[in-house]
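Residue-level structural notes
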Amino acid sequence: MQGLNVFKMALIQLKPGPNKANNIENACRMVMEASREGASVVVLPECFNSPYGTEYFKEYAEIVEKNELGHTTLALSNVAKEANVYLIGGSIPERSADSQKFYNTCTVWNENGEMIAKHRKIHLYDVSVPGKSSFYESQVLSAGDNLTAFETPWGKIGVAICYDLRFPELAMVAARKGCVAMIYPGAFNSNTYPLHWEMLLKARAIDNMIFVAGCSPARDLDFSYHAWGHSTIVGPKGDIKSTCEFDETIVYSDIDLEEISEIRTNIPIYSQRRFDLYTDISK
């Protein structure tokens, strides 16, 4: 039963194709399905309205402002209200109305369809692995410069995007400022990240004793970038609550906040840190 200490989370692992309207329709359909299954917090994957790749960002980009909703954000607002959920809208390519720069941007919507947070990906994925793959987001995208968290009836939740997961400071700051969960929409690559996706999600959870979720697109071999999939929810003890493989699906888990209190009582690192010896980066 859901209450102030328990809620159901759903990660929607969908397969974006080249048709933007179809991607949005499919995402909204799956949000409604998750709502019918009792989810109160629903998460979409990174770049859910387009194929993933720098060559697509400009074509699929929209202005993302509260007073200027585009095709994608208007649909997210409407479906969050219709489904009566908190919707973490994965990410979409954003074009800034002011600077005309492009960002990889996650929007968050409450059950009234109001945008309550916007996160621009902070760490851009500029990586080349010899003999495997190379990808340079900075060829098109600019980096965000704000940490992001939002209020829910169950507590504060932090959000970041994909490569942000590799930087532990974001989750550390979020947890020390009261977040009960950290959510990462992310399209980790099948060539380079099978080793680290689950491990990083567990690490962020164990280090901070919070719930951590990573929501990936489904794998699509028709495009050059093959997402790893494996959308996963991890508990504050580092235990996997729910996961999947490569195909389009919805991952569910009940989030029981008493687990945070339990592990922090049993292993009291929050009261044992030595800030006389090292810096509290949340200050």
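In what follows, the structure referred to is the one given above.
Quantities reported herein were computed from a predicted structural model and do not represent experimental measurements. (Residues numbered from 1 in each chain as written. Predicted model: local features only at pLDDT ≥ 70, side-chain atom pairs only at ≥ 80, totals over all residues. Heavy atoms only, no water.)

**Regarding the overall build of the protein chain**
The test is simple: Secondary structure elements follow DSSP: runs of H or I no shorter than four residues count as helices, runs of E no shorter than two count as strands, and numbering proceeds from the N terminus. To sort residues, take the accessible area from a 1.4 Å probe on protein chains only and compare it with the maximum for the residue type: under 20% means buried, over 50% means exposed, and anything in between is partly exposed. The contact rule is simple, with two residues in contact once any of their heavy atoms fall within 4.5 Å. All accessible areas in this document rest on Shrake-Rupley with a 1.4 Å probe, and a residue is counted as covered only by the protein chains that are shown. His is not counted here, nor are the chain ends, while Lys and Arg score as positive and Asp and Glu score as negative. In this description, the location of a charge corresponds to atom NZ of lysine, CZ of arginine, CG of aspartate or CD of glutamate.
Counting secondary structure elements, the protein chain contains seven helices and 15 strands. Taken along its principal axes, the extent of the C-alpha atoms in the protein chain is 50 × 45 × 40 Å. Going through the 283 residues of the protein chain one by one, you find that 58% of them count as buried. Taking as baseline every contact in the protein chain between residues at least 6 positions apart, the subset at least 24 positions apart corresponds to 68%. For the protein chain, the accessible surface area stands at approximately 12,200 Å², while carbon and sulfur atoms represent 48% of it. Treating the 27 positive side-chain charges of the protein chain as one cloud and the 35 negative ones as another, the clouds have centres 4 Å apart.

**A word on the pairing of strand 6 (residues 115-120)**
Which entries qualify depends on this criterion: Pairing between two strands requires that DSSP report at least two bridges joining them.
Pairing geometry for strand 5 (residues 102-109) and strand 6, over five bridges, is antiparallel. The residue bridging Thr 107 from the neighbouring strand is Lys 118, located in strand 6. In this antiparallel pair of consecutive strands, strand 5 and strand 6, the connection spans five residues, and Gly 113 shows a positive phi of 80 degrees.

**Considerations on unusual backbone geometry**
The phi angle of most residues is negative, glycine excepted, and most peptide bonds adopt the trans form. With a phi close to 65 degrees, Gln 100 is a non-glycine residue in the positive phi region. You can see Gln 100 is positioned in the loop between strand 4 (92-95) and strand 5. With a phi close to 55 degrees, His 230 is a non-glycine residue in the positive phi region. Note that His 230 resides in the loop between strand 12 (211-215) and strand 13 (232-234).

**Side note on helix 6 (residues 258-266)**
What counts, and what does not: As used here, the arc is the angular range of directions from the helix axis to the C-beta atoms.
When we look at burial in helix 6, the residues that qualify are Glu 259, Ile 260 and Ile 263. The arc that holds every buried residue of helix 6, seen down its axis, measures 100 degrees, which confines them to one face. If you follow the buried residues of helix 6, they end up packed against strand 11 (179-185), strand 12, strand 14 (240-242) and strand 15 (249-256).

**Description of the pattern of salt bridges**
Applied cut-off: By definition here, a salt bridge exists when the distance from a side-chain nitrogen of Lys or Arg to a carboxyl oxygen of Asp or Glu is within 4 Å.
Here the structure, examined in full by the defined rule, presents 12 salt bridges. Two residues, Lys 121 and Glu 137, come together in a salt bridge whose shortest N-O distance is 3.0 Å. Of this pair, Lys 121 sits in the loop between strand 6 and strand 7 (126-129) while Glu 137 sits in the loop between strand 8 (133-136) and strand 9 (149-152), and the two are 16 residues apart along the sequence. The burial state of Lys 121 is the same as that of Glu 137; both residues are buried. Its salt-bridge partner being Asp 276, residue Arg 274 comes within 2.7 Å of it at the nearest N-O pair. Arg 274 gets classed as partly exposed once you look at its relative accessible area, which sits at 41%. Linked through salt bridges whose partners overlap, the residues forming this network are Glu 65, Glu 94, Lys 118 and Arg 120.

**Description of the nonpolar core**
Applicable threshold: What makes a nonpolar core is a set of buried Ala, Val, Leu, Ile, Met, Phe, Trp, Tyr and Cys residues whose side-chain atoms join them at distances within 4.5 Å.
Met 9, Leu 11, Ile 88, Met 182, Ile 183, Tyr 184 and Leu 257 are the most contacted members of the largest nonpolar core, which totals 47 residues. Broken down by element, the residue count for this core peaks at six residues, all from strand 11. For Ile 183, the contacting residues outside a window of four places in its chain are Met 9, Val 43, Ile 88, Ile 157, Gly 158, Val 159, Ala 160 and Ala 213. Listed in part, the 26 residues of the second largest apolar core include Ile 24, Phe 48, Leu 76 and Val 79.

**Notes on the side chain of Thr 232**
What counts is decided by this rule: Contacts described as polar in this section are N or O atom pairs within 3.5 Å, which, within protein, must combine one atom able to donate a hydrogen with one able to accept it, while residues neighboring in sequence count only if both atoms come from side chains.
Relative to the assigned elements, Thr 232 resides in strand 13. Here His 230 takes part through its backbone oxygen, which lies 2.7 Å from a polar atom of the side chain of Thr 232. Once residues within four sequence positions are removed from consideration, Thr 232 is found in contact with Leu 11, Trp 197, Leu 201, Val 212, Ala 213, Gly 214, Ile 240, Ser 242 and Thr 243.

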